[in-house]
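This is what each chain is made of:
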Amino acid sequence: MKSLSNSKLDATIIDWPVHMQRAIDLAESVWTATPNPRVGCVLTKDGEVVGEGWHSAAGQAHAEIAALHHAGEKANAATAFVSLEPCAHTGRTGPCSEALIHAGVARVVIATLDTNPQVAGKGVLQLEQAGIEVCHLADFDQQARAVNPGYFKRLEQGLPYVRMKLAMSLDGRTALANGESKWITSAAARSDVQRLRASVSAVITGINTVLTDDPSLNVRREDLVENSEVLEANSGGLNRQPLRVVVDSQLRTPGTARIVTCDGEVKIYTKDAKRTGKNIASNVEIVGVASSAGGVNLRSVLESLASDFACNEVMIEAGSTLSGAFIAAGLVDELVVYIAPKILGSDARPLLELAGLQSLAHSIEFTIGDVRQVGDDIRVTLKAKRDYGKE
Ligand SMILES: NC(=O)c1ccc[n+]([C@@H]2O[C@H](COP(=O)([O-])OP(=O)(O)OC[C@H]3O[C@@H](n4cnc5c(N)ncnc54)[C@H](OP(=O)(O)O)[C@@H]3O)[C@@H](O)[C@H]2O)c1
């Protein structure tokens, strides 16, 4: 496989970055294809786009198959731009490498290799053995991986990508002293959170949030449709609820809780491994893992979500106790913080229960990725610095 950088493309292939960018944009516009990666594909012939496709959900056509279907006979002798190496194995659908060979595609350009051991270079090998030229557009590698942070992290580290949503007042408070916290932020911010939920495999909360707020933590379609950022692949693609996860050492989740009674599967993580099994309702499974000082061992929860339930990306929407514990354990990759322009005062509860930091040298650092206004609030997206979480 030839690896090319954008600056080395000759005049005949100078438009390759445009087509690869489009393939990545198509991948990015999928909410989630969990447990599969988001993938986009563009087919071109004589400089014209003849087919486009994306993988919208597990069990549905892969991006290459959708694009081949779109192109029909024009796929013969076309160039395929794919945001991820084509698969070479039969899962719920057949191998994409074979379909591309069968359609007579002349060349395949990929943005990054798939580290899934079932693929890992085998897709490229099969295409090359069939006489198809395969090129890697190296400048798109990081961007293509960033479309699927959880897929790659699960395969490479056995953990999902962990995003934490926090909503706070200007003075960094999340709930009044009596626990009241509903609607600190605006309706627009809450609708924006729906978009985040639609993109993850699982939403994680703590038992106290379930007992205090009784949230559903599901995705409500009407809120998404109201959101102007809905893209083409997304517009019809929401066909699942994220797994709802409660961290609950004493098994106090009531059978009447909204999180249990609304659609979708619920996993309750407890610290007693013997309690594993069905409980309180048919959609609820208890999963026992190791314990730790604060209750349930949070790393074990994430490892189980990755290995037992193939979760790629998860979002924590919990109170200050569980959120603080996840951060203290070095398990968070990204924060999405909504800041409401109001002050709750020093009696109100802090953003995180996170005691024991003795000096600035021990502060936990993040880098700002994005800042924007959402309704009346500000949304800040931050990435954990690389050394966070490493001993
Ligand atoms: N502003 C926001 O973004 C936001 C979001 C969600 C909730 N809230 C508010 O937060 C408040 C609830 O917060 P909270 O801090 O009391 O509860 P929480 O963080 O939702 O849940 C904490 C509980 O999780 C359980 N847990 C099990 N293992 C744990 C571990 N390793 N580390 C830490 N906790 C563990 C513990 O109960 P067991 O020992 O019984 O297992 C613990 O008391 C509510 O008022 C809610 O409205 C705000």
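Residues numbered from 1 in each chain as written. Predicted model: local features only at pLDDT ≥ 70, side-chain atom pairs only at ≥ 80, totals over all residues. Heavy atoms only, no water.

A.B. asks: How should the site of the ligand be read in this particular structure?
C.D. replies: Around the ligand sit 31 residues, and of these Ser181, Thr209, Asp213, Ser249 and Thr321 come closest. The separation between a nitrogen atom of the ligand and a polar main-chain atom of Ala167 is 2.9 Å. Within the side chain of Asp213, a nitrogen or oxygen atom sits 2.5 Å from an oxygen atom of the ligand. Burial of the ligand by the protein amounts to 90% of the accessible area it has alone, namely 930 Å². Of all the secondary structure elements, the ones that give two or more residues to the shell around the ligand are β7 (161-169), β8 (173-175), α8 (207-213), β15 (295-296) and α13 (320-328). Ranked by the residues each element gives to the shell around the ligand, the list is headed by α8, at five residues. Its residues assigned to classes, the shell around the ligand shows ten nonpolar, 15 polar and six charged. (Near = heavy atom within 4 Å. Polar contact = N/O pair within 3.5 Å; in protein donor to acceptor, adjacent residues only side chain to side chain. Areas by Shrake-Rupley, 256 points an atom, 1.4 Å probe, with all protein chains shown as cover. Helix = DSSP H or I, 4+ residues; strand = E, 2+ residues; numbered from the N terminus. Nonpolar A, V, L, I, M, F, W, Y, C, P; charged D, E, K, R; others polar.)

A.B. asks: I keep staring at the pairing of strand β2 (residues 40-45) and nothing clicks. Help me out?
C.D. replies: Both faces of the sheet carry side chains from a regular strand, because those side chains alternate between them. Burial runs high along β2: five of the six residues are buried. Of the pairings in the sheet, the one linking β2 to strand β3 (residues 48-54) comprises six bridges and is antiparallel in character. Along β3, the bridge assignment pairs Gly40 with Trp54. Connecting the antiparallel pair β2 and β3 is a turn made up of two residues, with Asp46 showing a positive phi of about 50°. Two strands pair when backbone bridges link them, and β2 and strand β4 (residues 79-82) are joined in this way by four bridges, in the antiparallel orientation. The residue bridging Val42 from the neighbouring strand is Phe81, located in β4. (Buried < 20%, exposed > 50% of the residue type's maximum accessible area, 1.4 Å probe, protein only. Pairing = 2+ DSSP bridges.)

A.B. asks: What am I meant to see in the side chain of Arg379 here?
C.D. replies: Examined against the element boundaries, Arg379 turns out to sit in strand β20 (residues 377-384). Judged by its relative accessible area of 7%, Arg379 falls in the buried class. For Arg379, the side chain forms a polar contact with the side chain of Asp370, separated by 3.5 Å.

A.B. asks: Quick question: what am I supposed to make of the packing of aromatic side chains here?
C.D. replies: The description of an aromatic ring pair uses the distance of the two centres, along with the angle that the planes make with each other. Inspection of every chain in the model, using the stated rule, returns three aromatic pairs. Arranged with centres 5.9 Å apart and planes meeting at 45°, the rings of Phe366 and Tyr388 form a pair that is tilted. Of this pair, Phe366 sits in strand β19 (residues 366-374) while Tyr388 sits in the segment after β20, placing them 22 residues apart in sequence. In this arrangement the basic side chain of Arg145 is found over the ring face of Phe152, its NZ or CZ atom lying 4.4 Å from the centre. (Phe/Tyr/Trp six-rings, centres within 6.5 Å; stacked < 30°, edge-to-face > 60°. Lys NZ or Arg CZ within 6 Å of the ring centre and 35° of its normal.)

A.B. asks: Whenever I open this one, empty space enclosed by the protein confuses me. Can you help?
C.D. replies: Applying the stated criterion across every chain, the model contains one cavity of 30 Å³ or more. Roughly 50 Å³ of volume is contained in the largest cavity. In terms of lining residues, the largest cavity is bounded by Thr32, Ala33, Thr34, Asn36, Pro37, Arg38, Asn148, Tyr151, Ser199, Ser201, Asn312 and Glu313. Class assignment of the residues belonging to the lining of the largest cavity gives a composition of three nonpolar, seven polar and two charged. Each of domain 1 (2-146) and domain 2 (160-384) accounts for three or more of the residues forming the lining of the largest cavity. (1 Å grid on protein atoms, 1.4 Å probe; cavity = no way out; pocket = protein on both sides within 12 Å on 5 of 7 lines; lining within 4 Å. Points joined across faces, edges and corners; volume = space filled by probe spheres on them. Domains from an automatic or database assignment.)

In short, the description is geometric, and any link to function would need to be established separately.
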